[in-house]
Amino acid sequence: MRASTLHAPRDIRVEEVPDAALRRPQDAVVQVVRACICGSDLWPYRGESPREPGQRTGHEFLGTVTDTGDDVVTVAPGDLVVAPFTWSDGTCDYCADGLTTSCVNGGAWGTPGSDGGQGEAVRVPYADATLVKLPAAAAGDDRLLTALLSLADVLGTGHHAALGAGVRPGATVAVVGDGAVGLCGVLAARRLGAERIIVLGRHRARTDLARAFGADEVVAERGDEAVAAVRELTDGHGAHAVIEAVGTEQSMRTAVEIARPGGAIGYVGVPHGSGNGLDLSVLFGRNITVRGGVAPVRTYLPELLPDVLDGTLDPSPLFDMSVDLDGVPEGYRAMDERRALKVLVRP
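Overview of the structure.

Rules and cut-offs
Residues numbered from 1 in each chain as written. Predicted model: local features only at pLDDT ≥ 70, side-chain atom pairs only at ≥ 80, totals over all residues. Heavy atoms only, no water. Helix = DSSP H or I, 4+ residues; strand = E, 2+ residues; numbered from the N terminus. Polar contact = N/O pair within 3.5 Å; in protein donor to acceptor, adjacent residues only side chain to side chain. Contact = heavy atoms within 4.5 Å. Buried < 20%, exposed > 50% of the residue type's maximum accessible area, 1.4 Å probe, protein only. Salt bridge = Lys/Arg side-chain N within 4 Å of Asp/Glu carboxyl O. Phe/Tyr/Trp six-rings, centres within 6.5 Å; stacked < 30°, edge-to-face > 60°.

**What to know about the side chain of Q118**
Then, in step 1: By the secondary structure assignment, Q118 is in the loop between β8 (107-108) and β9 (121-124).
Then, in step 2: Within polar-contact distance, the side chain of Q118 engages the backbone oxygen of C36 at 3.0 Å.
Then, in step 3: For Q118, the contacting residues outside a window of four places in its chain are A3, S4, A35, C36, I37, D41, T57, G58, L325, V328 and Y332.

**Here we look at helix α4 (residues 142-149)**
Then, in step 1: Burial runs high along α4: six of the eight residues are buried.
Then, in step 2: Taken residue by residue, α4 has L144, L145, T146, A147, L148 and L149 as its buried positions.
Then, in step 3: Here the buried face of α4 lies against β3 (28-36), β5 (61-68), β6 (80-83), α11 (297-309), β17 (319-324) and β18 (342-346).
Then, in step 4: For α4, the side-chain oxygen to backbone nitrogen distance between the N-cap and R143 is 3.3 Å, and the N-cap itself is D141.

**A closer look at the pattern of salt bridges**
Then, in step 1: If you walk through the whole model with that rule in mind, you get 21 salt bridges.
Then, in step 2: Taking the shortest distance from any N to any O, the salt bridge between D326 and R2 comes out at 2.3 Å. With D326 in the loop between β17 and α12 (328-336) and R2 in strand β1 (residues 2-8), the pair connects residues that are 324 residues apart, well separated along the chain.
Then, in step 3: Judged by relative accessible area, which is 24%, R2 ranks as partly exposed.
Then, in step 4: Put simply, E249 and R253 hold a salt bridge, and the shortest N to O gap is 2.9 Å. Taken together, the residues E249 and R253, both in helix α9 (residues 249-258) and four residues apart, mark about one turn of the helix.
Then, in step 5: Under the relative-accessibility criterion, E249 is labelled buried at 14%.
Then, in step 6: Linked through salt bridges whose partners overlap, the residues forming this network are E330, R333, E337 and R339.

**Some details on the packing of aromatic side chains**
Then, in step 1: Counted under the stated rule, the structure contains three aromatic pairs.
Then, in step 2: Ring plane angle 40° and centroid distance 5.1 Å describe the contact between Y45 and Y332, whose orientation is recorded as tilted. Of this pair, Y45 sits in helix α1 (residues 42-45) while Y332 sits in helix α12, and the two are 287 residues apart along the sequence.
Then, in step 3: For the ring pair W87 and W109, a centre distance of 5.0 Å and an interplane angle of 50° mean the geometry is tilted. Separated by 22 residues along the polypeptide, W87 in strand β7 (residues 86-87) and W109 in the loop between β8 and β9 bring together distant segments of the chain.
Then, in step 4: The class for W109 is buried, based on a relative accessible area of 5%.

Below, the structure written as structure tokens:
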């Protein structure tokens, strides 16, 4: 089969790789119908996160089951399914606690020895616990398929950040970052009843989309100027809940400074370029809670799926560029150069 691989910084290739095939009785093989490129994929693409030459790429996909192992009972060939960005066994203590990303037998697509989502097919370990079946009718609805693809990562990650930040009815929420996860944080905050949402971002097309998703105000400044702007908008208090969706040292410092005393920060930006850490005395003195990390998307899928199916949540506008499998290298370039927000891949 054909799949996308990374050989060196900015060296993405689409080439022949071994076919996805069953290895264990708990496995399934999924033919990819939709995949995409994530903002976090850009860190290894730029050489900021190490990868082995030839390692597979992509961790977001949905598709059709083509084969199942003898122990698989919840999905069958022909079923349309979505996969979270990590697989999990569904039986360990961490899975029982809902923290599927810490599963003792879990893993992530594109890691050495596993298939990546940006390919023609994927072997899925622990298919019963990992895959979520979708309505067959969705296969004929292009917009809905695209919206459902967001459940593989960014929509659940935005929801995780909103929960970590303690978003509640009546809260003022600030979202640091106007990428796909930040924009999904806007959707999540609105869904959870936020009264006011302030987005920190400077890319007009993205902040316009943030407004369409439910944001009330946009702050285009960065650093100290951004902090001053948010403080002014909140009568000097800051936000009850802050979603940090970038992962840099500056973005986290901004998140801390715009959180009001007693507030909380939900952080989901993949950390990169941070060396000095947080000043715990600031968090201590202002009673600020910091909670977040890798989103256990599989846990959130049953809750979020109905809202995507009925249109309550429609993340499909996030995808502003579409490519076939051969176009994946150009998709990476477009996102790296900020010519695209999130690239849809149609293998």
